[in-house]
Amino acid sequence: MKIRPILYLAAAMALLPLGVSAKILSGANAAKWKVGAPPPSPWQHSAKETDIKVEVVKLDGTNWIEFQDNSSSVSANIRQEFSPLRSGRLSLKVKLAADHGADFGIYLGPGNASSPAERVVDLKTNSRGMLRMGSTGERLDSGLVLARDKVEHIFVEFRAKGKDVHIRLGRIGADGKDEVLGEDTFPGRAQPVTRLRLTTDNSPQGAHFYVTDLQLSPLN
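Remember, predicted model here, so these are calculated numbers, not experimental data.

## A look at the sheet that holds strand β3 (residues 62-69)
Spatial ordering of the open sheet is given by β2-β3-β14-β5-β10-β11-β12, a layout of seven strands whose pairing is antiparallel. Each edge of the sheet is formed by a strand with only one pairing partner; in this case those strands are β2 (52-59) and β12 (178-186). Averaged over neighbouring strand pairs, the angle between their axes works out to 25 degrees when direction is ignored. Where β3 meets strand β14 (residues 208-218), four bridges bridge the pair, whose relative direction is antiparallel. Across the sheet, the residue bridging to Glu66 is Tyr210, located in β14.

Following this line, the structure appears as structure tokens:
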């Protein structure tokens, strides 16, 4: 009998001791990224679009992905598909450029994680730089305001609880400890997520930011 890849993943996760995480994302080792090119496969991206930049750059000796959106019709984005995950933790470092001037989102969900109905985890900045957390288009203010030229190491956890999903958002301190800045349960929103998408809006233009240290792991 043939065992499908998803069953291999489930079996491997079942064997993990407490406190040990499996890495879900491929091509996420920043040290292996090529400066001057988009992030490697299996990442997909919109780097070929006009007035869009999605490219690896080096900042203070570390590789980052730079997103710059000067288009009023398409977005600067990266996305990656993976085996279904009902509960997990995403962490990343993010830095707004000095000229950053528009919103961007961090989404996890089924399908393309593009439409509001597909965003099980729905994080988006507002005009004041506050990262708002929620699910399927419903968002609540958090205590996390992103400032230009400042690196923030952030995390979001999502746990399926029956038909509901519980989401926690926070930052990771220099000591490696979590500081929870917001959490809530969103009724009826639980779905297995199969894609991560980081993206600017199709309009307006003006978003300019960097990300690195992308990690996604399952939660028990």
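## Description of the pattern of salt bridges
Summed over all chains, the structure comprises 15 salt bridges. Where Asp201 meets Lys124, a salt bridge forms, and the shortest distance between an N and an O atom there is 3.2 Å. Taken together, the residues span a long stretch of sequence, with Asp201 in the loop between β13 (193-200) and β14 and Lys124 in strand β7 (residues 121-125) at a distance of 77 residues. When its relative accessible area of 17% is taken as the criterion, Asp201 is described as buried. According to the relative accessible area criterion, Lys124 is buried, its value standing at 15%. A salt bridge links Lys150 to Glu152; the nearest nitrogen and oxygen atoms lie 3.7 Å apart. The exposure class assigned to Lys150 is partly exposed, which follows from its relative accessible area of 44%. Judged by relative accessible area, Glu152 falls into the buried class, the value being 5%. Salt bridges linked by common partners bring Arg89, Glu157, Arg168, Asp178 and Glu183 together as one network.

## What about the sheet that holds β13?
Strand order in the open sheet formed by seven strands is β1-β4-β13-β6-β7-β8-β9, with antiparallel pairing between adjacent strands. Of all strands in the sheet, those bounded by a partner on one side alone are β1 (44-45) and β9 (138-145).

## Topic: the side chain of Ser91
Topologically, Ser91 is positioned in strand β5 (residues 88-96). Not counting residues within four places of it along the chain, the set of residues in contact with Ser91 comprises His153, Ile154, Phe155, Ile172, Asp213, Leu214 and Gln215.

## Side note on the nonpolar core
Leu196 and Leu214 are the most contacted members of the largest nonpolar core, which totals 44 residues. Once you skip the residues sitting within four places of it in the chain, Leu196 turns out to touch Leu25, Trp43, Ile78, Arg79, Gln80, Phe82, Leu90, Ile106, Tyr107, Leu108 and Leu214.

## A few points about the environment of Val145
Tracing the chain through its elements places Val145 in strand β9. A relative accessible area of 39% means that Val145 is categorised as partly exposed. When the C-alpha positions of Val145 and Ser26 are compared, they lie 29 Å apart, and in sequence the two are 119 residues distant. Sequence-distant contacts of Val145, defined by excluding residues within four places in its chain, comprise Arg128, Gly129, Met130 and Glu152.

## Overview of the confidence of the model for the chain
On average, residues of the chain score 91 in pLDDT, and 90% of them reach the 70 mark or higher. In this model residues 1-20 is a low-confidence stretch, pLDDT under 50, and it forms nine contacts with partners more than four residues away in sequence or in other chains.

## Description of unusual backbone geometry
Trans peptide bonds make up most of the peptide bonds, and negative phi angles are found at most residues other than glycine. Cis geometry marks the peptide bond from Ser41 to Pro42, where omega comes out at 15 degrees. Considering the arrangement of structural elements, one finds Pro42 in the loop between α1 (5-14) and β1. Even without being glycine, Ala113 reaches a positive phi, approximately 50 degrees. Tracing the sequence through the fold places Ala113 in the loop between β6 (104-109) and β7. Notably, Asp149 is not glycine yet its phi reads approximately 65 degrees, a positive angle. With respect to the helices, strands and loops of the structure, Asp149 is situated in the loop between β9 and β10 (151-161).

Definitions and cut-offs
Residues numbered from 1 in each chain as written. Predicted model: local features only at pLDDT ≥ 70, side-chain atom pairs only at ≥ 80, totals over all residues. Heavy atoms only, no water. Pairing = 2+ DSSP bridges. Helix = DSSP H or I, 4+ residues; strand = E, 2+ residues; numbered from the N terminus. Axes fitted to C-alpha atoms, helices over the stretch in contact; angles between N-to-C directions. Salt bridge = Lys/Arg side-chain N within 4 Å of Asp/Glu carboxyl O. Buried < 20%, exposed > 50% of the residue type's maximum accessible area, 1.4 Å probe, protein only. Contact = heavy atoms within 4.5 Å. Core = buried A, V, L, I, M, F, W, Y, C linked by side-chain atoms within 4.5 Å. pLDDT = per-residue confidence, 0-100.

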